[in-house]
Structure formats: C-alpha cells, structure tokens
Amino acid sequence: MRAWWKSILIQELLMHLQARPNQTDEDEEIVQLLLKAVKGGAELDRQRGTLMNYLALLSAPEDSVKIVLPNQFKIIALRPLNIYPIVLHFLRLQFPHLNLISDAGEALHGIPFESRGARSYATVNIGAAKYGSSLHHRGKGFCYGYVDGRHAARVDYILSVTIPHQNPPVIVNLALIRRFQEPALDIEHPWSLSATDLGLATWKYNELGNLEACRLEDFTGQFAFARIRVPRAGHFWVTFSLDTTTQEPDSSDNEPRE
C-alpha cells in the first residue's frame, strides 16, 4: 500500500509543479527532468538496465536475496589495479580470526591473501535485480544501486576471491563501490516534505566518494537519477527510488558499514 501511495504522490507532485504560476526556466527544467525520470528515456534505460530487468525487480519477493554470478568472468590481479589494500582490509574485517596478511611478505605469521587470481564479473543478479560494473561495457547499464538502506552508490567492481589454506576453501563475493556524496547544506525542493515517502534524495553533483568494499548482500535497491540546477546553489543530482514493491525507510541509513 505504501508503494501505491508513493506513485500517487509522485503524480500529484508533478501536477502541482506544472500548475505553479510564474514558473522560471529553472522550474520548467526540473519538471521536465522529473517527467523524463518517471516516464523513462534513453538515459534512464542506461542507468537502470533493460525494461525486463525493471519488471522483474517490481515482481521480486521482498525476502529474495538469491545471488547469481554469471558463468563468464575475467581473472585479474588486484595489485596493479590499486584495489588490493581495499579488498584485504575488507576481508580482515569480515574474517578477523583468520589473521590474513599481505602476500608481499610484510609479516611472518598469518595466512597470505593472494593478490592474483580474483574473478571479476560484469554483472550479478541479487534477487530479481541486476547490478553491473561501471568499468565493463556489459555492466554500465546496471551500475547504480543503494547500499545500507538508501545511500546511493556506483558499482565499479564485482569480485569473487578465495581465501587459501581453508578446508573447504572460503569464497567471498564482494563489490567495490563509490558512494554519492551528501550536500553540505540542506537543499529545499518543492517535494522536500515528502522526499522520504517519494524515495527522492539530493546529492552533490558529479562527486563520488573513495572506493570501498561491501558485501553483495548490502545492496538494497536500484534508482535512477538526474541532474538539476538550483538557483544560487548550483547543480545537484536527484535520485529516484525504483522500488515500488516495498516501503521506503523512514530515514536514510547513510552510515558506512565497517
């Protein structure tokens, strides 16, 4: 029911914005961007993937967490890509009892984590939603998703790594992401009072955080986004939740996972 009300609120918001008198060019631009994001378009298709994937997302059961990696992958070395320290730090947090160490020989005791032999994937299916790597031509159309509630992020890598000397071997699937950045000041929009119910959020334009690792299970939904211009404040990104099957959280959980 909450999702149905969200779609009604979006329609009423657009009708209200279109009916406002004395609209400026900036107001008209924002309305057109909202209409494009809601109705669809080439840019939106690129960001959220194919229509079939979107329909599958709408019909996904709420508790669906099945993770399916494709059969195609590429074997990569993490160190030349400057992502080895990020992955090693993530694994140490996830498995503190294993005493993982660098394979560069910096410590004498512990289990060396190999920088070579990682599997890199273009996409992954999590439940009925598909996510992709922004660095892969097959993943660019699916490379945005929410983590930790409703924090928007771009997916750069989808990886599968193995921790050696374990019986059976420990295989860890993870993603490397860059989070959207919150604006320093609160930006007032016509929809601000209903932003949470509508699944809307405002972020710094064209700014992403440092690369960090997360579990694939940490992805919580998909979104589209558009650039808007706020008078006397500049450009911003506005994200639109594409999840119409579940209730929007009462507040965004934007604290990064340790």
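Residues numbered from 1 in each chain as written. Predicted model: local features only at pLDDT ≥ 70, side-chain atom pairs only at ≥ 80, totals over all residues. Heavy atoms only, no water.

(A) Highlighting the overall build of the protein. Within the protein, the secondary structure is distributed over six helices and 15 strands. Residues counted as buried form 42% of the 258 residues belonging to the protein. For the protein, the accessible surface area stands at approximately 14,300 Å², while carbon and sulfur atoms represent 51% of it. (Helix = DSSP H or I, 4+ residues; strand = E, 2+ residues; numbered from the N terminus. Buried < 20%, exposed > 50% of the residue type's maximum accessible area, 1.4 Å probe, protein only. Areas by Shrake-Rupley, 256 points an atom, 1.4 Å probe, with all protein chains shown as cover.)

(B) View of the pattern of salt bridges. Taken as a whole and assessed by the stated rule, the structure comprises seven salt bridges. The partner of Asp148 in a salt bridge is Arg179, with the nearest N and O atoms 2.8 Å apart. Separated by 31 residues along the polypeptide, Asp148 in the loop between strand 8 (144-147) and strand 9 (151-163) and Arg179 in strand 10 (residues 170-179) bring together distant segments of the chain. In this structure, Arg215 engages Asp218 in a salt bridge whose closest nitrogen and oxygen atoms are separated by 2.9 Å. On the accessibility criterion, Arg215 (29% relative accessible area) is partly exposed. Linked by salt bridges that have partners in common, Asp148, Arg179 and Glu212 make up one network. (Salt bridge = Lys/Arg side-chain N within 4 Å of Asp/Glu carboxyl O.)

(C) Representation of the side chain of Ser160 in the model. Note on placement: Ser160 falls in strand 9. A polar contact is formed between the side chain of Ser160 and the side chain of Asn173, at a distance of 2.9 Å. Beyond its immediate sequence surroundings of up to four residues, Ser160 is in contact with Ala118, Arg119, Tyr121, Ile171, Val172 and Asn173. (Polar contact = N/O pair within 3.5 Å; in protein donor to acceptor, adjacent residues only side chain to side chain. Contact = heavy atoms within 4.5 Å.)

(D) Representation of the sheet that holds strand 15 (residues 234-241). Spatially, the three strands line up as an open sheet ordered 11-15-14, and their pairing is antiparallel. The open sheet terminates on both sides in strands that have one partner only, identified here as strand 11 (200-204) and strand 14 (223-230). The average undirected angle you get between the axes of adjacent strands in this sheet is 30°. The pairing of strand 11 with strand 15 spans five bridges and is antiparallel. Bridged to Ala201 within strand 15 is Thr239. (Pairing = 2+ DSSP bridges. Axes fitted to C-alpha atoms, helices over the stretch in contact; angles between N-to-C directions.)

(E) How the structure looks around the nonpolar core. In terms of nonpolar packing, the biggest core is built from 22 residues, with Leu78, Val87, Leu159, Leu174 and Leu176 touching the most fellow members. When residues of this core are traced back to their parent elements, those giving at least two are helix 5 (84-94), strand 4 (111-113), strand 9 and strand 10. At five residues, helix 5 tops the list of elements feeding residues into this core. If near-sequence neighbours (up to four positions away) are discounted, Leu78 is found in contact with Ile83, Tyr84, Val87, Phe113, Ser115, Ala118 and Leu159. (Core = buried A, V, L, I, M, F, W, Y, C linked by side-chain atoms within 4.5 Å.)

(F) The arrangement of the sheet that holds strand 1 (residues 67-68) in detail. Spatially, the three strands line up as an open sheet ordered 1-6-7, and their pairing is antiparallel. Of all the strands in the sheet, the pair left with one neighbour each is strand 1 and strand 7 (129-132). Alignment of strand 6 (residues 123-126) against strand 7, held across four bridges, turns out to be antiparallel. Its bridge partner lying in strand 7, Thr123 is registered against Gly132.

(G) Inspection of the environment of Ser241 at higher detail. With respect to the helices, strands and loops of the structure, Ser241 is situated in strand 15. Each C-alpha atom of the pair Ser241 and Ala224 lies 6.7 Å from the other, and the pair is 17 residues apart in sequence.

(H) The pairing of strand 14, seen in detail. Burial analysis of strand 14 places six of its eight residues in the buried class, the great majority of the element. Judged from the eight bridges that link them, strand 14 and strand 15 form a sheet pairing that is antiparallel. Looking at strand 15, one finds that Ile228 is bridged to Phe236.

(I) Geometry of helix 5. When helix 5 is considered as a whole, its buried residues turn out to be Tyr84, Val87, Leu88, Phe90 and Leu91. Down the axis of helix 5, the buried set is contained in an arc of 160°. They therefore lie on one face. Tucked into the core, helix 5 has its buried residues touching strand 3 (100-102), strand 4, strand 9, strand 10 and strand 12 (212-215). (Arc of directions from axis to C-beta.)

(J) Seen up close, unusual backbone geometry. Even without being a glycine, Asn99 presents a positive backbone phi close to 55°. Topologically, Asn99 is positioned in the loop between helix 5 and strand 3. Accessibility expressed as a relative area gives 42% for Asn99, which makes it partly exposed. Residues other than glycine seldom take positive phi values, yet His165 does so here, at roughly 60°. Within the element layout of this structure, His165 appears in the loop between strand 9 and strand 10.

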